[in-house]
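Now for the letters of each chain:
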Amino acid sequence: MNSRILLAASLCASAWAQSRNFDGLQAPAPSQGTSTGMVDGGGGSLEHIDLSAPNHYPASASTTQGQDPDYSMRGLFQQHHGDFMLKRERYDPMIELRGQVLPHAEVMHEPGKMRLLNWSGDAELPFMVATDGYLTFGAFGGDRRYYTKDMPGFPDEDLYSAGLKAGFGVFLDDNTLLEGLVTPGYFSDMDSTLTRDDVKIYGKVLVTYRADEGLFFKVGARYNDVYSDYNTLPYLGVSWQVSESFRVDVLLPEKVEISLWPSADFGFLLGTEIQGSEYHVRASKYYRELTPTPKQEANVHVQEVIVYAGALWRFTEYTSFIARAGAVVAGDYYLDDGRTSTPPIKGSLETGIFVEATFGIDF
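Residues numbered from 1 in each chain as written. Predicted model: local features only at pLDDT ≥ 70, side-chain atom pairs only at ≥ 80, totals over all residues. Heavy atoms only, no water.

### Considerations on the overall build of the protein chain
Right, so step 1: Along the protein chain, the regular secondary structure elements total three helices and 16 strands.
Right, so step 2: When the accessible surface of the protein chain is totalled, it reaches about 17000 Å², and 59% of it is carbon and sulfur. (Helix = DSSP H or I, 4+ residues; strand = E, 2+ residues; numbered from the N terminus. Areas by Shrake-Rupley, 256 points an atom, 1.4 Å probe, with all protein chains shown as cover.)

Structure, rendered in structure tokens:
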């Protein structure tokens, strides 16, 4: 139901954005080398970088020196909303490739221990459909690879995720941006033929309001399985660029971060984040053949609460690298291999360390 509402909102917003009268702005003639229509989103740069901005966002088309005005749809969007898009969030690459390692983890009051290698890829590419709106398309995928020891209810396991992204962004006025995103995909151990039980359809809606030049308030709602008992929760957040070298980004109930930028292409990060999801699993083929019961399946839930310190280095206009390290201070786990003969592993995570590296790409 939530995904249908978000999809309908996306289509309506797109149609509305295309039909708006954009204050009489018309493109008299496209400039040579007109762009493909992709939006400079949360730091995704296409042509121009304002190196004085600590979050490395692309400069507005209206402020770029030494170049002819850009009358393309993207150029007009930048003239109207470029500054808003630059400052509404900390730099976030369009494409991210991430690796995360938890070398030692235990569930409180449960037997055994485990090691987690968490690999993921994510892409969100926005495209212009109007000078006040854009559509977003992308994909995601990941593999949570668990190596366990002495866990009778959860042997070594791979939990996979793979799916698509579709969304929209439309300015209701010069200071208010409405965004929506739907992410249908498979969340499964991929140990047998995929069924509807392996499909999850997540989504979110977010309104960002600019109260001052560098101060943005955010409110919305999200539907996902980060919290096992609360799929639908409100979003409440703020992004505040306090100075050219310091900013705060909060989006509850999932993330809080402060960042310090000693130079235009390098920043330090400090924050906390809650990550996780739910996956559909089956007993291994060996156990299914050994005990041919009608159904040997289960849903497992994983969640980690991490506290981190890190650094972000944008070493070219189109590439970046983020390194984070810290502690897993809590989490909510429910692990089950699908067999009725073994009890599930459930409870909070013991404190442990993690390290993470992310390679980012922009266009």
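### Observations regarding the side chain of Lys87
Right, so step 1: Mapped onto the elements, Lys87 comes out in helix 2 (residues 73–87).
Right, so step 2: Since its relative accessible area comes to 13%, Lys87 is described here as buried.
Right, so step 3: A distance of 3.1 Å separates the side chain of Lys87 from the side chain of Glu213, its partner in a polar contact. (Buried < 20%, exposed > 50% of the residue type's maximum accessible area, 1.4 Å probe, protein only. Polar contact = N/O pair within 3.5 Å; in protein donor to acceptor, adjacent residues only side chain to side chain.)

### Some points on the environment of Tyr318
Right, so step 1: By the element assignment, Tyr318 lies in the loop between strand 12 (297–313) and strand 13 (319–330).
Right, so step 2: For the pair Tyr318 and Pro93, spaced 225 residues apart in sequence, the C-alpha to C-alpha distance is 8.7 Å.

### Comments concerning the pattern of salt bridges
Right, so step 1: Throughout the structure, instances matching the rule amount to 20 salt bridges.
Right, so step 2: Between Arg210 and Asp83 there is a salt bridge, with its nearest N and O atoms 3.8 Å apart. Note that Arg210 is positioned in strand 6 (residues 199–212) and Asp83 in helix 2, a separation of 127 residues in sequence.
Right, so step 3: Accessibility expressed as a relative area gives 32% for Asp83, which makes it partly exposed.
Right, so step 4: For Asp158, the salt bridge identified is with Arg145, shortest N-O distance 2.9 Å. Of this pair, Asp158 sits in strand 4 (residues 157–173) while Arg145 sits in strand 3 (residues 133–149), and the two are 13 residues apart along the sequence.
Right, so step 5: Here the salt bridges share partners, and the residues they tie into one network are Glu96, Arg98, Glu273, Arg324 and Glu356. (Salt bridge = Lys/Arg side-chain N within 4 Å of Asp/Glu carboxyl O.)

### Here we look at the packing of aromatic side chains
Right, so step 1: Under the criterion given, the structure shown has 13 aromatic pairs.
Right, so step 2: An aromatic cluster is present here, built from Phe77, Phe84, Tyr134, Phe171 and Phe216 joined pairwise through their rings.
Right, so step 3: Here the guanidinium or amino end of Arg115 rests over the ring plane of Tyr147, the centre of that ring lying 4.6 Å away.
Right, so step 4: The lysine or arginine in question, Arg324, covers the ring of Tyr308, its NZ or CZ lying 4.2 Å from the ring centre. (Phe/Tyr/Trp six-rings, centres within 6.5 Å; stacked < 30°, edge-to-face > 60°. Lys NZ or Arg CZ within 6 Å of the ring centre and 35° of its normal.)

### Let's talk about a nonpolar patch on the surface
Right, so step 1: Taken together, the side chains of Leu97, Trp313, Phe315, Phe321 and Phe359 make up a nonpolar region of the molecular surface, amounting to roughly 450 Å² of accessible area.
Right, so step 2: Position of Trp313 among the secondary structure elements: in strand 12. (Patch = residues over 30% accessible without salt bridge, like charges linked within 9 Å, V, L, I, M, F, W, Y side chains within 5 Å.)

### Some remarks on the nonpolar core
Right, so step 1: Core analysis: the largest hydrophobic core is formed by 30 residues, its most contacted members being Met114, Tyr146, Leu159, Val302, Tyr333 and Leu335.
Right, so step 2: Elements represented by at least two residues in this core include exactly strand 1 (95–105), strand 2 (113–130), strand 3, strand 11 (266–282), strand 12, strand 13 and strand 14 (332–335).
Right, so step 3: Residue contributions to this core peak at six residues, all from strand 12.
Right, so step 4: Ignoring any residue separated from it by four or fewer positions in sequence, one finds Leu159 in contact with Gly142, Asp143, Arg144, Tyr146, Ser188, Tyr279, Val281, Val300 and Val302.
Right, so step 5: Judged by nonpolar contacts, the second largest core, of eight residues, contains Phe77, Met85, Tyr134 and Phe216. (Core = buried A, V, L, I, M, F, W, Y, C linked by side-chain atoms within 4.5 Å. Contact = heavy atoms within 4.5 Å.)

### A word on unusual backbone geometry
Right, so step 1: A cis amide bond links Leu252 with the next residue in sequence, Pro253, at an omega value of 15°.
Right, so step 2: Structurally, Pro253 can be placed in the loop between strand 9 (246–252) and strand 10 (255–263).
Right, so step 3: For His109, which is not glycine, the phi torsion reads 65° and is therefore positive.
Right, so step 4: You can see His109 is positioned in the loop between strand 1 and strand 2.
Right, so step 5: The class of His109 is exposed, set by a relative accessible area of 81%.
Right, so step 6: With a phi close to 60°, Asp150 is a non-glycine residue in the positive phi region.
Right, so step 7: Checked against the element boundaries, Asp150 lands in the loop between strand 3 and strand 4.

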